[in-house]
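Report on the structure
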Amino acid sequence: MRVSTGATTNVFDRGAVLRPQFDWKWVIIGASVVFTVYIAVIPLAFLLWQSFRTPETAATAAVWTLGNYAAAYGSTETLRLFTTSLQFASGTALFAFVLGAGLAWMNERTNTPFKTIFFALSLIPLVIPSILFTVAWILLASPQIGIINLVLQGWLGLAEAPFDIYSVAGMIWVDGLHYSPMAFLLMSAAFRAMDPSLEESATMSGASVFQVARRVTLRLTWPAIVATILILFVRAIESFEVPALLGLPSGIVVFTAAIYQAVHRYPSQVGLASAYAVALLAITSVGVYFVSRLSGQGSKYATMTGKGFRPRQIDLGRWRWLTASIFIVYFLLIVVLPFSVLLWSSFQRFYAVPSTEALQNLTLDPYRFILSYPNLPRTVLNSLLLSFGAATIVMLVTSVICWIVVKTKLPGRWLLDNVASLPIVFPGLVLGLSIMIFYLNVDVGIYGTIWIMLIAYVTRFMPYGLRYTTTSMLQIHRELEESAAMSGASWSTTFRRVVLPLLKPGLLAGWIYVMIVSIRELSTSILLYSPDTQVVSIVIWELWENGQYVELSALGVLFIISLFVLVLMARWLGQKYGIKE
Amino acid sequence: MLRVDGLFTEYPNEKGEVVRAAQDVSFTVDEGRLFTLLGPSGCGKTTTLRSIAGLERPKAGEIAVNDRVVYSSSKGIFVAPNRRGFGMVFQSYAIWPHMNVFENAAFPLEVRGAGSVLRFGSAARRTRLSRSDMRERVMRVLTAVQLDDLADRAATKLSGGQQQRLALARALVMEPALLLLDEPLSNLDAKLREKMRFELKRLQRELKITTVYVTHDQSEALALSHQIAVMHRGRIQQVGTPRDIYERPASQFVADFVGNTNFIDGVVVSCAPHADHDQRSCVVRSEMGDLKVHSAQELHHGDRVTVSIRPEDVELSEERPAGDNVWGGRVDQKVFLGEALDFQVAVGARTLFSRRHPTLRTKIGEAIFVQLRPDKCVALKVS
Ligand SMILES: Nc1ncnc2c1ncn2[C@@H]1O[C@H](COP(=O)(O)OP(=O)(O)O)[C@@H](O)[C@H]1O
Ligand SMILES: [Mg+2]
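Residues numbered from 1 in each chain as written. Chains lettered and ligands numbered in written order. Predicted model: local features only at pLDDT ≥ 70, side-chain atom pairs only at ≥ 80, totals over all residues. Heavy atoms only, no water.

**Concerning the pattern of salt bridges**
With the rule as written, the count across this model stands at 26 salt bridges over all chains. Salt-bridge contacts for glutamate 108 of chain A lead to arginine 192 of chain A; the nearest nitrogen and oxygen are separated by 2.9 Å. Note that glutamate 108 of chain A is positioned in helix α4 (residues 76-109) and arginine 192 of chain A in helix α8 (residues 168-193), a separation of 84 residues in sequence. When the shortest N-O distance is used, the salt bridge between glutamate 287 of chain B and arginine 350 of chain B registers 3.7 Å. Here glutamate 287 of chain B is found in the loop between β13 (280-286) and β14 (289-295), whereas its partner arginine 350 of chain B is found in strand β19 (residues 350-356), with 63 residues between them in sequence. Since its relative accessible area comes to 58%, glutamate 287 of chain B is described here as exposed. For arginine 350 of chain B, a relative accessible area of 17% translates into the label buried. Salt bridges linked by common partners bring Arg3, Asp5, Glu62 and Lys75 of chain B together as one network. (Salt bridge = Lys/Arg side-chain N within 4 Å of Asp/Glu carboxyl O. Helix = DSSP H or I, 4+ residues; strand = E, 2+ residues; numbered from the N terminus. Buried < 20%, exposed > 50% of the residue type's maximum accessible area, 1.4 Å probe, protein only.)

**Notes on unusual backbone geometry**
In this structure, asparagine 375 of chain A is a non-glycine residue whose phi angle is positive, near 70°. Here asparagine 375 of chain A falls in the partly exposed class, since its relative accessible area comes to 43%. Within the chain, glutamate 183 of chain B stands out as a residue other than glycine whose phi angle is a positive 40°. As for its placement among the helices and strands, glutamate 183 of chain B is situated in the loop between β8 (179-182) and α5 (190-207).

**Considering a nonpolar patch on the surface**
The grouping of Val151, Trp155, Leu156 and Leu158 of chain A at the surface amounts to a nonpolar patch, some 450 Å² of accessible area in total. Positionally, leucine 158 of chain A belongs in the loop between α7 (147-156) and α8. (Patch = residues over 30% accessible without salt bridge, like charges linked within 9 Å, V, L, I, M, F, W, Y side chains within 5 Å. Areas by Shrake-Rupley, 256 points an atom, 1.4 Å probe, with all protein chains shown as cover.)

**Comments concerning the interface of chain A and chain B**
Of the residues lining the interface, 24 residues belong to chain A; the matching set on chain B comes to 36 residues. Between chain A and chain B, the buried area comes to about 2600 Å², and carbon and sulfur atoms account for 61% of it. Our count for the contact surface shared by chain A and chain B stands at two salt bridges. Residue glutamate 200 of chain A is joined to arginine 50 of chain B by a salt bridge in which the shortest nitrogen-to-oxygen separation is 2.8 Å. Listed by contribution, the elements that provide at least two residues to the side of chain A that touches chain B are α9 (196-204) and α10 (209-238) of chain A. Take the side of chain A that touches chain B: its biggest share by element is seven residues, from α9 of chain A. When the residues that make up the side of chain A that touches chain B are grouped by side-chain class, the tally is eight nonpolar, eight polar and eight charged. (Contact = heavy atoms within 4.5 Å. Buried area = accessible area lost by both parts, 1.4 Å probe. Nonpolar A, V, L, I, M, F, W, Y, C, P; charged D, E, K, R; others polar.)

**Brief notes about the packing of aromatic side chains**
We describe a pair of aromatic rings using the distance from one ring centre to the other and the angle between the two ring planes. All names here are of chain B. On inspection of all chains with the given rule, the structure shows 25 aromatic pairs over all chains. For the ring pair tryptophan 96 and phenylalanine 107, a centre distance of 4.6 Å and an interplane angle of 55° mean the geometry is tilted. A residue pair is termed long-range when its members are at least 10 positions apart, and tryptophan 96 in the loop between β7 (87-89) and α2 (101-114) and phenylalanine 107 in helix α2 qualify at 11 residues. Lying across the ring of phenylalanine 78, arginine 57 places its NZ or CZ 4.1 Å from the centre. In this structure, arginine 84 packs its charged tip against the face of phenylalanine 78, placed 5.1 Å from the ring centre. (Phe/Tyr/Trp six-rings, centres within 6.5 Å; stacked < 30°, edge-to-face > 60°. Lys NZ or Arg CZ within 6 Å of the ring centre and 35° of its normal.)

Here it is in structure tokens:
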């Protein structure tokens, strides 16, 4: 029997029967195009514009100049800035990759004991905000007060502290650890996406474990490996917390730190900051461009995988206890030690290294301080409103955009996709800077309000939302919509009754993700907040600046616990509404 | 020759319980024979095949090929899969997308040069083939599967049937002691499947390579095999030639799974030995009346049995025929299939299925006589 599948255009593009519904569609499409361009492109234009302007003061008006670029790139300092940034970012990317890929391989392809528990545990660090992770590692490994240093000095009788966290190596260590779960997730996905019979057929052909790894596994996951390293590199070169907390005190300056310093100098040099930001943007854009090229290549292979997945696990024999202990050490470094040190510090009146003496002085004072912190309810409310609002708007807007891109034949729809994904190249700090410049120059009355933060969050996380919606949208078979149309449903009814319900699990997962990253957000907010619009992560930052470590720890512990509860609730919700994973 | 003895393979499932995927599986395959594991999906065919390949480590049992033991739980032997020298074709074909056709087929020879594959029997061959020898052998096997003119094509640019043949070439190139095929035709469309079935049979018969073939498709199994083992829930139910399996099913499951059949329940009235030494003829009392049947099983008066008779053995005629097991009935339904005509005939409260030649023109609703030849009626004890 033959069934004709000839027509491939979208049903709603065909014929005049559905004409009355078209208006609706065009209004929504038009609105989302305008919205995306406004939110993603205009701030970028203002950033570029600003980088060619002199600072405006009361006495002199701003004029065109190349001075910012001269100041930013005209000195020998520039070369150092460049090399330090690259050193830090590539070091972090490689360290995180080796760690994450190794763990992913152990988890997916070997018979390491207890690994299912480790898989769940190794995702916990994703809820620990970078600033708290960094502070915790300062308390663990700073040369003066670092617990690990003091312990090792005591044991080995060293005169000097063995680790210095305030160094490029220290920065790589902390940021690399922090990004390793991401590498772990990406590489796990890559290993899972591969049909294991590709490896097994090599084994049956007589190839040894080593030959299989070199000639099949590595070759086939190569696009994923390069893409993962590039993504990590982009993330590292964008990261702000580690360079600010660990680099600046010892004069190690990378791009993000340079931007922050330029804005916070007196008088503020926004033009100079923009010149730095443009270079940083160029680097991240190149990275993102290559990642997208690679993921296109990856799908060339993906079409060849068959069904009947049944990953064979390599029997490690006695070595599996070694891999299990690697998991344990990793978990200690990434969750247990950082959280314990924050917990310890949060029960002290003044920060003291753990000792029997310090044990006598446990107190709840830091918690009292935090709970009676002026504006605390306001701050928490801001954080909640912003993350809730951003997640909701992002998921709504991206599902419409994505529907246009995936399901219609509209000319120029690929452009919409690219524009909506554009913010992915913005480092948080650069986005904050662009939006700050935009609303300083175009006064619509939202500068300094919570709205500007909301706009920033929506812009920043739109590409992530888009990824979630696109993945689930691609899984909705065209015929499901076509049959709704054949049953007489209009475009909007089909979207509401068929598309949205099928998208729901994906939308919910994306919503949860955006909610969590929004609530941790620091690097964009730091250039946009005002005393009225503080969020929790900003309060942590301020406590750090004031040297209130124990109070910071108390807030950090509460923050991590609430985030953790939030994630658990989200999982529970997800299971209830049918998200797998 | 392959010998599998008392094989048990288990998996832990997500909840940590034990899934007994293969239980007490034993069979032997003689040199040059094609042996098929047949059964519904999930019955443990792939598990058995992978245990032979060494991709799964069984819990217990022994596996030997040409007297070389590759697995034995009692002797603590487990030869790694890459040292066994078996060829295998996977259900998904597992063609490497980053190599072209020639490179895919040459891979087993290349890695053999570098490693040390123990060949079956005695000596270890470590010799690396010369470039030209290798080329010649690869081209020979590609020619055998009619892919020689596509040697330089990218593997991603092959059709389903070509991928299937390449997978076969790759498995054959090292002249394996044993060829393992896991549903090799299931990813092809019906026409191509039919064609490849003959190709495969011709190749196997020509090369005389000992083969274990896994399928859930009974017609494939009947068409290809020297011997068939029907599996159910991890156990082998019956081993025999295609004809044995089809005409003398040993259990209700086998009769039902292999081909279509009518089941008539009843109770044994009497039994007597038959001229054919391991058969006996019995009389079974059923809702249709008394039936003369055959059985390979030891049956006694009062045993509950079900009688299996194939639709093509349910004979129909418009005049009353001479002989036993004749009933009068009425045509209920007809389905024209081209080369055959399927009838549903009501005999009392029973409906029997019959497959006849399309020349029989009896109309729906008309009377017809049904005859069930006793030697085609197989009585099976109800467990
Ligand atoms: N890797 C595995 N882990 C757990 N259970 C498995 C695994 N592989 C197979 N099984 C189970 O073992 C049984 C037999 O599977 P399989 O041998 O693949 O059947 P077949 O090939 O006959 O369809 C099934 O119940 C299946 O769910
Ligand atoms: Mg199978």
